[in-house]
Amino acid sequence: MLGNRVVGVLHESGNKWERRAPLTPLHCARLLHGAGKSDRVDCIIVQPCTKRIHSDAQYEEVGCVISEDLSECGLILGIKQPKLENILPDRAYAFFSHTHKAQPENMALLDKVLSERVSLYDYELIVGDNGKRLLAFGKYAGRAGMIDFLHGLGERFLNLGYSTPFLSLGSSYMYSSLSTAKGAVIAVGEEIAASGLPSAVSPLVFVFTGSGNVSQGAQEILRLLPHTFVDPSKLPELITSTKYGQNSSKGSKFSRQNFQVYGCVVTSKDMVAPKDSSKNFDKEDYYAHPENYYPVFHEKIAPYASVIVNCMYWEKRFHRLLSNKQLQDLKLASNRLVGVADITCDIGGSIECLDRTTTIERPFFRYDPINGSYHEDMHGDGVIFLAVDILPTELAKEATKHFGDVLCQFIGDMASSKSPKDLLPPIRRACIAHKGELTPLYDYIKRMREEAANCLDNVNGDRAHKTLVSLNGHLFDQFLINEALDIIETAGGSFHLARCRVGQSADAMSYAEIEVSANDKDVLASIVDTLAAIANPDNKRRKKLIEKELKRSSSRIRELRENLQMEGNFDDRASVLIIGAGRVCEPAVEFLALNGCNVLDSPTRNSSKTGTEAVKGVQVVVASLYLQDAQKVIEGIPNTTAVELDISNYDRLLEYVSKVEVVISLLPANCHTTVANACIELRKHLVTASYVDKNMSDVNERAKSAGVTILCEMGLDPGIDHMMAMKMINHAHVRGGKIISFVSYCGGLPSPAAANNPLGYKFSWSPAGALKVGRNPAVYNYKGQIINVNGENLYDSATSLRLPHLPAFALERLPNRDSLVYGDLYGITDEALTVFRATLRYEGFSEIMSSFNKLGFFNNEIHPMLSQDKGELSSKPTFNMFLQELLKCALQDRQTQKDLKETQECNTKQMDIVEMLIRVGCCKESASANKTASCIKFLGLDDNSEIPDICKSAFDVICSRMEERLNYSPTEQDMVLLHHEVEVAYEDGRPSERHAATLLEFGKTENEKIQTAMARTVGIPAAIGAMLLLEGKIKSTGVLRPLEPEIYLPALEILAASGIHMNEEVEYI
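**Looking at the overall build of the protein chain**
Then, number 1: Summing up its helical and strand segments, the protein chain has 33 helices and 39 strands in all.
Then, number 2: Counting over 1069 residues, the protein chain shows a buried share of 57%.
Then, number 3: Put simply, the protein chain shows about 43,700 Å² of open surface, and 48% of that area lies on carbon and sulfur atoms.

**Points about the nonpolar core**
Then, number 1: Formed by 174 residues in total, the largest nonpolar core has its most connected members in Phe166, Phe206, Phe852 and Phe857.
Then, number 2: Filtering out sequence-adjacent residues up to four positions away, Phe857 remains in contact with Phe852, Phe882, Leu883, Leu886, Leu941, Ala954, Phe955, Val957 and Ile958.
Then, number 3: By size, the runner-up hydrophobic cluster in this structure holds 71 residues, among which are Ala588, Met714, Met1014 and Ile1047.

**Points about the packing of aromatic side chains**
Then, number 1: Applying the stated criterion to the full structure yields 29 aromatic pairs.
Then, number 2: On the numbers, 4.8 Å between centres and 80° between planes, the contact of Tyr123 with Phe403 is edge-to-face. Remark: Phe403 occurs in helix α11 (residues 396-416) and Tyr123 occurs in the loop between β6 (119-122) and α4 (138-159); sequence separation between them is 280 residues.
Then, number 3: Each residue in the set Phe281, Tyr286, Tyr287, Tyr293 and Phe318 is aromatic and connected to the rest through ring pairs, giving one cluster.
Then, number 4: Looking at Arg356, its charged tip hangs above the ring of Phe365, at a distance of 5.4 Å from the centre.
Then, number 5: Over the ring of Phe879 we find Arg961, and its NZ or CZ is 3.8 Å from the ring centre.

**So, the pattern of salt bridges**
Then, number 1: The final tally for this structure, using the stated rule, is 41 salt bridges.
Then, number 2: Note that Glu1064 is salt-bridged to Lys727, the shortest N-O span being 3.1 Å. Linking Glu1064 in strand β39 (residues 1063-1068) with Lys727 in helix α23 (residues 720-734), this pair joins segments that are 337 residues apart in sequence.
Then, number 3: It is possible to trace a salt-bridge network through shared partners that takes in Asp943, Arg961, Glu964 and Arg965.

**Quick word on the packing of helix α19 (residues 650-657) against helix α20 (residues 672-682)**
Then, number 1: For the pair α19 and α20, interaxial distance at closest approach is 10 Å and the crossing angle is 55°. Of the possible angle classes, the one that applies to α19 and α20 is oblique. When you trace α19 past α20, the crossing you get is right-handed. On α20, the residues touching Tyr650, Leu653, Leu654 and Val657 of α19 are Thr674, Val675, Asn677, Ala678, Cys679, Glu681 and Leu682.
Then, number 2: Looking at the contact of α19 with α20, its residues break down into 8 nonpolar, 2 polar and 1 charged.

**Notes on the pairing of strand β34 (residues 974-986)**
Then, number 1: Across the 13 residues that make up β34, a large majority, 11, are buried.
Then, number 2: As defined by bridge partners, strand β28 (residues 737-750) adjoins β34 across 13 bridges and the pair is classed as antiparallel. Directly across from Leu749, in β34, lies its bridge partner Met975.
Then, number 3: Across 10 bridges, β34 lies against strand β35 (residues 993-1002) in antiparallel orientation. Pairing of Met975 across the sheet is with Phe1002, part of β35.
Then, number 4: The turn linking β34 back onto β35 is made up of 6 residues, and Gly989 within it adopts a positive phi angle of 95°.

**Points about the confidence of the model for the protein chain**
Then, number 1: On average, residues of the protein chain carry a pLDDT of 83, and 83% of them reach 70 or more.
Then, number 2: Confidence drops under a pLDDT of 50 for residues 243-254, and excluding neighbours within four residues, the segment shows 13 contacts in the predicted structure.
Then, number 3: Counting contacts from residues 502-508, a segment whose pLDDT is below 50, to residues more than four positions away or on other chains yields 23 contacts.

**Structural notes on the sheet that holds strand β17 (residues 431-434)**
Then, number 1: The strand order across the open sheet formed by 8 strands is β3-β2-β1-β4-β5-β6-β17-β18, and the pairing between neighbours is mixed. Unpaired on one side and paired on the other, β3 (65-66) and β18 (437-438) mark the two borders of the sheet.
Then, number 2: Where strand β4 (residues 75-77) and strand β5 (residues 92-95) come together, 3 bridges link them in parallel fashion. Its bridge partner lying in β5, Ile76 is registered against Tyr93.
Then, number 3: With respect to the sheet, α11 is in contact with β1 (6-9), β4, β5 and β6, its orientation differing from that of β4 by roughly 155°.

**Details of the pairing of strand β9 (residues 261-266)**
Then, number 1: Burial within β9 is extensive, with 5 of its 6 residues counted as buried.
Then, number 2: Note that strand β8 (residues 227-229) and β9 share 3 bridges and pair parallel. Following the sheet pairing, Phe229 is matched in β9 by Gly263.

**Brief notes about unusual backbone geometry**
Keep in mind that most residues, glycine aside, have a negative phi and that most peptide bonds are trans.
Then, number 1: Across the junction of Ser202 and Pro203, the peptide omega takes the value -5°, indicating a cis bond.
Then, number 2: For Pro203, the location among the structural elements is in the loop between α5 (178-195) and β7 (204-209).
Then, number 3: Note that the residue after Asp717, namely Pro718, is joined by a cis bond; omega there is 15°.
Then, number 4: Mapped onto the fold, Pro718 is located in the loop between β27 (709-711) and α23.
Then, number 5: Even without being glycine, Asp90 reaches a positive phi, approximately 60°.
Then, number 6: Relative to the helices and strands, Asp90 resides in the loop between β4 and β5.

**Some remarks on helix α26 (residues 845-855)**
Then, number 1: With 9 of its 11 residues buried, α26 lies for the most part within the structure.
Then, number 2: When we look at burial in α26, the residues that qualify are Phe845, Ser846, Ile848, Met849, Ser850, Ser851, Phe852, Asn853 and Leu855.

**Focus: the packing of α23 against helix α33 (residues 1045-1057)**
Then, number 1: Close contact between α23 and α33 brings their axes to 10 Å; oriented N to C, the two are set at 115°. Taken as a pair, α23 and α33 cross one another with a handedness that is left-handed. For the pair α23 and α33, the contacting residues are Ile720, Met723, Met724, Met726, Lys727 and Asn730 in the first and Tyr1048, Ala1051, Leu1052 and Leu1055 in the second.
Then, number 2: Looking at side-chain class alone, the contact of α23 with α33 contains 8 nonpolar, 1 polar and 1 charged residues.

**Some points on the sheet that holds strand β26 (residues 685-688)**
Then, number 1: Strand order in the open sheet formed by 7 strands is β24-β23-β22-β25-β26-β27-β38, with parallel pairing between adjacent strands. This sheet does not close on itself; its edge strands, each paired only once, are β24 (640-644) and β38 (1038-1040). Strand-to-strand twist of the sheet, defined as the mean angle between neighbouring strand axes without regard to direction, takes the value 20°.
Then, number 2: Of the strand pairs in this sheet, strand β22 (residues 575-579) and strand β25 (residues 662-665) are connected by 4 bridges, and their pairing is parallel.

**Observations regarding helix α30 (residues 926-939)**
Then, number 1: Here α30 contains 14 residues, and its C-alpha end-to-end distance of 20 Å stays within 8% of the 20 Å for a straight helix at 1.5 Å per residue.
Then, number 2: In the stretch just after α30, Gly940 is the one whose phi turns positive, near 75°.

**Here we look at the environment of Arg449**
Then, number 1: Along the polypeptide, Arg449 turns up in helix α13 (residues 443-454).
Then, number 2: In sequence terms Arg449 and Pro104 are 345 residues apart; their C-alpha atoms lie 8.5 Å from each other.

**A few points about the environment of Glu1046**
Then, number 1: Note that Glu1046 resides in helix α33.
Then, number 2: We classify Glu1046 as partly exposed; its relative accessible area is 23%.
Then, number 3: Those residues in contact with Glu1046 that lie beyond four places of it in its chain are Lys1033, Ile1034, Lys1035 and Ser1036.

Reading the values: the criteria
- Residues numbered from 1 in each chain as written.
- Predicted model: local features only at pLDDT ≥ 70, side-chain atom pairs only at ≥ 80, totals over all residues.
- Heavy atoms only, no water.
- Helix = DSSP H or I, 4+ residues; strand = E, 2+ residues; numbered from the N terminus.
- Buried < 20%, exposed > 50% of the residue type's maximum accessible area, 1.4 Å probe, protein only.
- Areas by Shrake-Rupley, 256 points an atom, 1.4 Å probe, with all protein chains shown as cover.
- Core = buried A, V, L, I, M, F, W, Y, C linked by side-chain atoms within 4.5 Å.
- Contact = heavy atoms within 4.5 Å.
- Phe/Tyr/Trp six-rings, centres within 6.5 Å; stacked < 30°, edge-to-face > 60°.
- Lys NZ or Arg CZ within 6 Å of the ring centre and 35° of its normal.
- Salt bridge = Lys/Arg side-chain N within 4 Å of Asp/Glu carboxyl O.
- Axes fitted to C-alpha atoms, helices over the stretch in contact; angles between N-to-C directions.
- Parallel < 35°, antiparallel > 145°, perpendicular 65-115°, else oblique.
- Left-handed = near helix turned anticlockwise from the far one by under 90°.
- Nonpolar A, V, L, I, M, F, W, Y, C, P; charged D, E, K, R; others polar.
- Pairing = 2+ DSSP bridges.
- pLDDT = per-residue confidence, 0-100.
- Expected span 1.5 Å × (residues − 1).

Dropping the structure here:
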């Protein structure tokens, strides 16, 4: 049966909440129909399951067979281990087996595998060339655990007598998607920002232990609330300032701390201190000699924590985070600690009182440290604990997609292989057994089991010399235990495993104490010396061993997840020139210089050329008109060079273009043609994020003749929107569907916490461009009717929008230019009755902007009051004077002289502005006028300060004010929201479907450097385009958009691997 290309999918039977699957229906469709021929499988048989996150009908619809009988399958996939009696002989199985560390509780499973001549692949062992697991759910555990705890926190506070916004939040599994759950958290955050938290529970401080994937996932949820992260050393100051009423307004019961939450990330240096006070904390020394340190977490951190989110790995040789006695002393001295979210769920682990797991339906228990009692309710004294051990399944939809995105890329190999030797290194290394025999890498399991059995007979007792050797590190996932046992046995010694503590993830280290014995003292000493060489995590010899193993597999692991065929062979000097050093540049530089093609750490299959390697260290040259701008971008980024370049100096431009393989132009669109001409002349490829205009279209034939690819519209919108649309449309066409409707919404917005002004909008660069775009005419097709919108009326055409899975967002949509051209680009003009593209803003934006437009603020003509040629004014005009002038102009053709006089006498009181806005016809009702007046006040358009000389028009005036008043503070995040909806109909009677795909990305702050969501979602796609060109993945030449599978399939995969995910949903209509 092995290698027959028939794949089975198990139904999960271990836990009623287990709704995950190894593959989604879309993954199955790709394996059956969409992958390269060598990567396809012939059949997928899915066992029926009524609780799985995806229905049987969805699998059947893409071509899977629904059957309990998996006897025809050569490869069978699951998540958790199947029942022993259901394991079929002579098959290959893949699931989390938890056997590779010889865990005693799972040896019955391994015995069954061996007796039935099964080949076993363990997901936990599929690692990239950096040693990190490719298939892991850590972030989903962190996300789900944090959402669940916030839900319980609301209930706990209520029992303590406090109503908080957390009470409205549900558990993770109650939401249809992670995006919906995040929307609910954002809604809680908006309420906190508006109404605050009770003073008695403020400041609400969440302490996160560890900084791995679990911690990152939990922090991701907290960051959806209005928040500030503080250094551990600042915790006492934070609590003290609250205690003594600092940061409070006079006479107010609230401080700014009531309107946000606080986060604090702690690591081992915050948990222990060296016993020798003359020494500083040393991480490696602590891991090797924890006995030389004493615990301080209970004194330095815990007294200031409201919630401890435990995300760290722990083993018994280390000090506990909190012992029962320490927790008791803590509660006696202070009552700040409300609860513990122990996402690690480590029973009897770093928090001593955690002696049980909890369930999804009953996720909390209450522990009273004063008397050591446990309770199942939320009221009464003590600390609440969350300890659910199956958290990722609460986010079953996203967890399954994440899992399948990686796994489906290996399935073709696994389903067709008859021997591990035929497999890619990551899969070969993950094969514990083949045809009932342990593979060489896992031979140590047998030896460890034999040792465990023989220890009862005291096999080392007759040896003359013994000693105890401690080993710690990645003993199992990097197979160092094999080397240790080989050393002992080759030297003629014997061993007894005295203690063993296995790491709970590939990122965690294991610890073993081995009693080594030998008849000769010198032999024993030699064994101990050799073992010491691998015991030290920093030992050079050990590093070489690891590097040797990784080097053997790196040539294929470093390739793309998609089935890309290697055609190019570039050396380490492959280089990219990026022209333009604005905000978008830095994410592109980091992506190429730091990652190159290694961003994925995952393989492709069946490379068309043996011995070829993906591009490694891409050299990036950043060119800018001003050298200091380029230098600022590349600061701290290796493999980069900054140069000064004025593209009007064409010879200088040719000089730099000649030295690289690919050019990325991040200049304004009207500069691209100059760069394109240089690239064509030198036969170099070019990438831009701008629209294809007439000038760029005109170079198409020349580029083709030169064999040059000019990849345009490789940003967000345009860019990711194209790629997502074509993936959805082509998927529907492959399945025999017809596109009835295509709608696309995209917007760059402030995050909800940063949308703190009347417009709900901010600018990260000059607002002039955005305001001009807002006056473009639009045309679209709606249910077969062509709708034209005049640019002057664009803001009045805005309509409200609510996305079901993002209920917290009150949005509106404005038609975006010519939607009809996208029907042609996407090949759906003849079938789609609706083709509509729109720009997203928060609700209320267009109403205010329409009023500004009617008032004359968007007039770009030189205004007499602002012209330097006019000497009529005795002093420079102020903003208030200019506002009065606009109001007067709006009235002069339609109002009486009395009205004009009143306008001239108008003062800056808001009620006067409201009244005048209605009178001049800018607003029809008082509600709209009040919003506009508030925005006028916020922008300072009624100030008595002088208008800058640079302003010559009304448009200049409002742009000046918006640039000053609507910018982001250093701690505020922006947000990008892209949403596609495609309605698909079938002529064979199948029900119509609505396919939705959503990208929600927030700005990130790392190492005190801010990268906006807009910069990342424009810069990274452009860098991906350059990477694909470097590798020869794009064969087409001329001026291109990312509309073809050779571009959008790998690009979307790399975006997902880079953390820019699209959430996809399908519903029947």
